[in-house]
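Remarks on the overall topology
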Amino acid sequence: MVELSPVTWQAGLHWVDLLGILAFAMSGALLAVRKKFDLFGVVVLGCVTAVGGGAIRDAMTGQTPPLFLRDETYLWAALAGSLLGFGFGERLARFERTMRFFDTAGLALFAASGALGAIKIGLGPLGVIFAGTISGVGGGIVRDLIANEVPEVMYRREQLYATAAAAGAWVTLLLYSRVPLWQAQLGGALVVVLLRWMSRRGWVRLPVRRLPSERPK
Amino acid sequence: MVELSPVTWQAGLHWVDLLGILAFAMSGALLAVRKKFDLFGVVVLGCVTAVGGGAIRDAMTGQTPPLFLRDETYLWAALAGSLLGFGFGERLARFERTMRFFDTAGLALFAASGALGAIKIGLGPLGVIFAGTISGVGGGIVRDLIANEVPEVMYRREQLYATAAAAGAWVTLLLYSRVPLWQAQLGGALVVVLLRWMSRRGWVRLPVRRLPSERPK
Amino acid sequence: MVELSPVTWQAGLHWVDLLGILAFAMSGALLAVRKKFDLFGVVVLGCVTAVGGGAIRDAMTGQTPPLFLRDETYLWAALAGSLLGFGFGERLARFERTMRFFDTAGLALFAASGALGAIKIGLGPLGVIFAGTISGVGGGIVRDLIANEVPEVMYRREQLYATAAAAGAWVTLLLYSRVPLWQAQLGGALVVVLLRWMSRRGWVRLPVRRLPSERPK
């Protein structure tokens, strides 16, 4: 098992966080490009999507001002991701798979870091899972609400989305006391990616409640 | 008048709060079932609806982390309400009255507890009424926004909704210095229920501003 | 240059803030009147629009309870603006220009005060611009989301809106260390108004990214 000094993994977590910011910023910017927002609208939607998950995490765990305001690199990453989305959106948007990749990456990274934040302030298991899930899906919900779309988290009925975030948060919690911090975060994030991939293949799915009128006769 | 020790009424308030959580969770879960969300989507919408009002109350009164994260019983109640809504939604959803009952119960309980939270941190009368109203209607607004419905609070033009919450918060404030705490909360909540019931009967209603073009000639 | 004692400019800032509250409350109330909300719906939408920007500013800079709850004059101003919008909406709504004026005034005042709040807690330049922008456009976004409209900030593609707020926040930051506080706020706000006016005339505009399929052949 790799041994890392506290400074090293803190720096590592920071870079992983920035990657999540970048990923969500691109996902927000790409949606904005498709909706034909102007340059600044793209930047606003990109940034709000990027920092939304972390802001919800910090608000719930009582950290003010939120991390993305205390550390300017977060907003630079959000800005960079938004501009990348604006500049290359043309080519990226053609590939739905690309958008999905960035969305999943952001979901996975924030679910794990939201869980860690909740663990640090001593929440119980349900609180950790809730904080991780909402941190993961929060940015996307804010993105979809502002773009006036039905939040993807809800109508992705055929695929695991919030469920994957919850499972990732739970795995992060399980790993937390057993392995170094960055491995707990990475492990939780990988579970999210794995579950998303499996559900896209149709290997796992969640039940949908049918009302009597919709039942096959 | 019933005399209760501080411990007893604190425990009582806790149970009343949990009932409000359960009620709102069911109302969110039932809407999610009608929208054909999957199991986890139902749980997410149920939980977010349930803790939304309290989270707004705690955010406004500066309590972090919010109560629902510090005390795990809240999330268990939200989870239970969501699962009840998923499991029995079929039978409950047929009765619009049932959904309305749970919605009103949550509205009433959160309006009163939001008012109490605002009183405790020393807000003025308008602040108490505002905090109570937003705590009451906040969960429902979040529910409707995520489900991409027009928030009921706004288009229920024929019925009192937010007005009832405001009146309940005001009555809670009036009762606060006169009766034990739990009675102030209960009294405020009952006023909300009463006003909702009266307005459904058509006994009270609010004016709607007509633009000149809509006026009967 | 006018010299003002600290007490004087603090009082001045307070009045300017109240003007912004009044302006946004009227803009929210007018939209609610057009949507045929009842009296209380108009008041709720007016108040939420009015305090939304400031609440976001305070939440991001860690001020709890938010200013509008600590100082009752804010809610009175929001209430007054909402009732003015309800009472005179008929006449005001006919003039789209009036609604735009109040919207711009609120945008300008909150962008500058959001920037100042961020400067005070020591944020970097990007953080100041972000906080100013979101404080400026936050109230309007909340207004449009609740009224179930596409947020104006995003689809105003032909006009600067959020961009104007960002520029105003940036100018406030530039002026902050050079002139008295109230002049920095006023200067930032004037830049917002100026940019909005220029963009309405078509003198400045932002690029929109076109997808290949939309390109003229």
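Residues numbered from 1 in each chain as written. Chains lettered and ligands numbered in written order. Predicted model: local features only at pLDDT ≥ 70, side-chain atom pairs only at ≥ 80, totals over all residues. Heavy atoms only, no water.

Thoughts on the nonpolar core
Counting 58 residues, the largest nonpolar core has Met 60 and Phe 130 of chain A together with Ile 21, Val 42, Phe 68, Leu 69 and Leu 75 of chain B as its most contacted members. Contributions of two or more residues to this core are made by α5 (96–120), α6 (125–146), α8 (162–176) and α9 (181–200) of chain A together with α1 (6–34), α2 (39–60), α3 (67–70) and α4 (72–93) of chain B. In this view, Phe 68 of chain B contacts Met 60 and Phe 130 of chain A together with Val 51, Ala 55, Tyr 74 and Leu 75 of chain B; residues no more than four positions away in its chain are not counted. (Core = buried A, V, L, I, M, F, W, Y, C linked by side-chain atoms within 4.5 Å. Buried < 20%, exposed > 50% of the residue type's maximum accessible area, 1.4 Å probe, protein only. Helix = DSSP H or I, 4+ residues; strand = E, 2+ residues; numbered from the N terminus. Contact = heavy atoms within 4.5 Å.)

Here's the deal with the environment of Trp 76 of chain C
Residues and elements named next belong to chain C. Checked against the element boundaries, Trp 76 lands in helix α4 (residues 72–93). Looking at Trp 76, the relative accessible area reads 47%, which means it is partly exposed. Each C-alpha atom, one on Trp 76 and one on Arg 34, is 23 Å from the other, the two residues being 42 residues apart in sequence.

Side note on the UniProt feature "domain: Glycine transporter" (unreviewed entry) in chain A
Within the UniProt annotation, "domain: Glycine transporter" (unreviewed entry) is assigned to residues 15–88 and 101–176 of chain A. Regarding residues 15–88 of chain A, the helix share stands at 85% and the strand share at 0%, and the terminal C-alpha atoms are separated by 23 Å. (UniProt positions renumbered as here; feature names shortened; annotations may be inferred.)

Remarks on the packing of aromatic side chains
The description of an aromatic ring pair rests on the distance of the ring centres and on the angle between the ring planes. All names here are of chain B. Per the stated rule, a full pass over the model turns up six aromatic pairs over all chains. Between the aromatic rings of Phe 24 and Phe 110, the centroid separation amounts to 5.5 Å while the plane-to-plane angle is 15°, which identifies the pairing as stacked. Separated by 86 residues along the polypeptide, Phe 24 in helix α1 and Phe 110 in helix α5 (residues 96–120) bring together distant segments of the chain. The class for Phe 24 is buried, based on a relative accessible area of 0%. (Phe/Tyr/Trp six-rings, centres within 6.5 Å; stacked < 30°, edge-to-face > 60°.)

Description of the side chain of Ser 27 of chain A
Along the chain, the position of Ser 27 of chain A falls in helix α1 (residues 6–34). A distance of 2.6 Å separates polar atoms of two side chains, one belonging to Ser 27 of chain A and the other to Arg 143 of chain A. (Polar contact = N/O pair within 3.5 Å; in protein donor to acceptor, adjacent residues only side chain to side chain.)

So, helix α2 (residues 39–60) of chain A
Residue and element names in this part refer to chain A. If you check α2, its first and last C-alpha atoms are 32 Å apart, about what 22 residues at 1.5 Å a residue would give, namely 32 Å. Its axis deflected by about 40° at Gly 52, α2 carries its strongest bend there. Of all 22 residues in α2, 18 are buried; the element is thus mostly enclosed. Two residues or fewer after α2 comes Gly 62, characterised by a positive phi angle close to 75°. (Expected span 1.5 Å × (residues − 1). Bend = angle between axes of the 7 residues up to and from the residue.)

A closer look at the pattern of salt bridges
As enumerated under the stated definition, the model contains four salt bridges over all chains in all. In this structure, Asp 144 of chain A and Arg 143 of chain A form a salt bridge, with 3.0 Å as the shortest nitrogen-oxygen distance. (Salt bridge = Lys/Arg side-chain N within 4 Å of Asp/Glu carboxyl O.)

What to know about the UniProt feature "transmembrane region" (unreviewed entry) in chain A
All names here are of chain A. The feature "transmembrane region" (unreviewed entry), as annotated in UniProt, sits at residues 12–32, 39–57, 73–89, 101–119 and 182–199 in this numbering. Here residues 101–119 runs as 100% helix and 0% strand, with 27 Å between its end C-alpha atoms. Between the end C-alpha atoms of residues 182–199 the distance is 26 Å, and the span holds 100% helix and 0% strand.

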